[in-house]
Amino acid sequence: WGVPEDRLAIGGALRQAGPRPLAHDSSGPVFVALSSNRGFSEQMLAAIESLDRPWRFLVKEHPMYPHPFAETEKVGRTKKPLQDQDGLAGVLYSTGTVGLEALLGGLPTLRFRPEGAVAMDILPPGLEARPVDAGTLAEALKALEKPAPLSWDAVLAPPDFEVWKQALCPSDEGSFRA
């Protein structure tokens, strides 16, 4: 884009912990990561609640946008992030980085596309989660398959803590700890 190389720095993926497989269990629950968009979350919840098959779901609200919902026998709440879950059948998300984390962690991943709106797909070129909507969700859940292993390094750069220190603490030397 014409920006001189000496003005660019690659800080790497500070938020992501690095290559770490996530626990897959085809008989486990499906992790549902609610969106920051309330309407998208409402559609996702309605879609999973309407299913008549006995799938179990663990729903995690977006950390900055709580979304109250009723827990049922098949829909439970979790506060634990994706990487701390034990044995998931797959992941359902609409927006955010959870889909990327799930794919890189080796979990079957479904990207929920809400009706009447566009949910931005932030996955980098070459990565794809199976797109679903309320009408195709049940079919996709029946066919959850573990994705082929992905190269973490081909998608995310390792963190450069000096770049992050300069960005987050430019005048406070030494206070940033990785």
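Provided above is the structure to which this section pertains.
1. Remarks on the overall build of the protein chain
Okay, so step 1: Along its length, the protein chain carries five helices and six strands.
Okay, so step 2: For the protein chain, the α and β elements follow one another from N to C terminus as β-α-β-β-β-α-β-β-α-α-α.
Okay, so step 3: Principal axes of the C-alpha set define a box for the protein chain whose edges measure 55 × 35 × 35 Å.
Okay, so step 4: Taking the intrachain contacts of the protein chain between residues at least 6 apart in sequence as the baseline, contacts between residues at least 24 apart amount to 64%.
Okay, so step 5: For the protein chain, the distance from the average position of its 18 positive side-chain charges to the average position of its 23 negative side-chain charges is 4 Å.

2. Some remarks on the packing of aromatic side chains
Think of a pair of aromatic rings as described by two things: how far the centres are apart, and how the planes are tilted against each other in angle.
Okay, so step 1: Evaluation of the coordinates by the stated rule reveals zero aromatic pairs.
Okay, so step 2: In this arrangement the basic side chain of Arg77 is found over the ring face of Phe69, its NZ or CZ atom lying 4.0 Å from the centre.

3. As for the environment of Ala157
Okay, so step 1: Note that Ala157 resides in the loop between helix H4 (152-155) and helix H5 (161-168).
Okay, so step 2: Classification of Ala157 by relative accessible area gives partly exposed; the value is 28%.
Okay, so step 3: Residues contacting Ala157, with those up to four places away along its chain left out, are Ile10, Gly12 and Ala13.

4. Focus on the nonpolar core
Okay, so step 1: Grouped together as the largest cluster of nonpolar side chains are 21 residues, with contacts concentrated most on Val32, Ile48, Phe57, Val59, Leu92, Leu137 and Leu141.
Okay, so step 2: Counting residues per element, the ones that place at least two in this core are strand S1 (30-33), helix H1 (38-49), strand S2 (57-60), strand S5 (109-112) and helix H3 (137-142).
Okay, so step 3: Element by element, the count of residues in this core is highest for H1, at four residues.
Okay, so step 4: Not counting chain neighbours up to four residues away, the residues in contact with Leu92 comprise Val30, Phe31, Val32, Ala33, Met44, Ile48, Leu110, Phe112, Val132 and Leu137.

5. Some points on the environment of Arg130
Okay, so step 1: As for its position among the elements, Arg130 is in strand S6 (residues 130-132).
Okay, so step 2: For Arg130, a relative accessible area of 35% puts it in the partly exposed group.
Okay, so step 3: The spacing of Arg130 and Arg111 is 19 residues in sequence and 5.9 Å in space, taken between C-alpha atoms.
Okay, so step 4: For Arg130, the residues in contact, after removing those within four places along its chain, are Thr109, Leu110, Arg111, Glu139, Ala140 and Ala143.

6. Remarks on the pairing of S1
Okay, so step 1: Every second residue of S1 is oriented toward a common face, with Val30 and Val32 on one face and Phe31 and Ala33 on the other, all of them buried.
Okay, so step 2: In this structure, S1 lies alongside S2, joined through four bridges in parallel fashion. Bridge pairing links Val32 to Val59 in S2.
Okay, so step 3: For the crossover from S1 across H1 to S2, the handedness is right-handed.

Calculation rules
- Residues numbered from 1 in each chain as written.
- Predicted model: local features only at pLDDT ≥ 70, side-chain atom pairs only at ≥ 80, totals over all residues.
- Heavy atoms only, no water.
- Helix = DSSP H or I, 4+ residues; strand = E, 2+ residues; numbered from the N terminus.
- Contact = heavy atoms within 4.5 Å.
- Lys, Arg positive; Asp, Glu negative; His and termini not counted.
- Charge placed at Lys NZ, Arg CZ, Asp CG, Glu CD.
- Phe/Tyr/Trp six-rings, centres within 6.5 Å; stacked < 30°, edge-to-face > 60°.
- Lys NZ or Arg CZ within 6 Å of the ring centre and 35° of its normal.
- Buried < 20%, exposed > 50% of the residue type's maximum accessible area, 1.4 Å probe, protein only.
- Core = buried A, V, L, I, M, F, W, Y, C linked by side-chain atoms within 4.5 Å.
- Pairing = 2+ DSSP bridges.
- Right-handed = clockwise from strand over helix to strand, strands pointing away.

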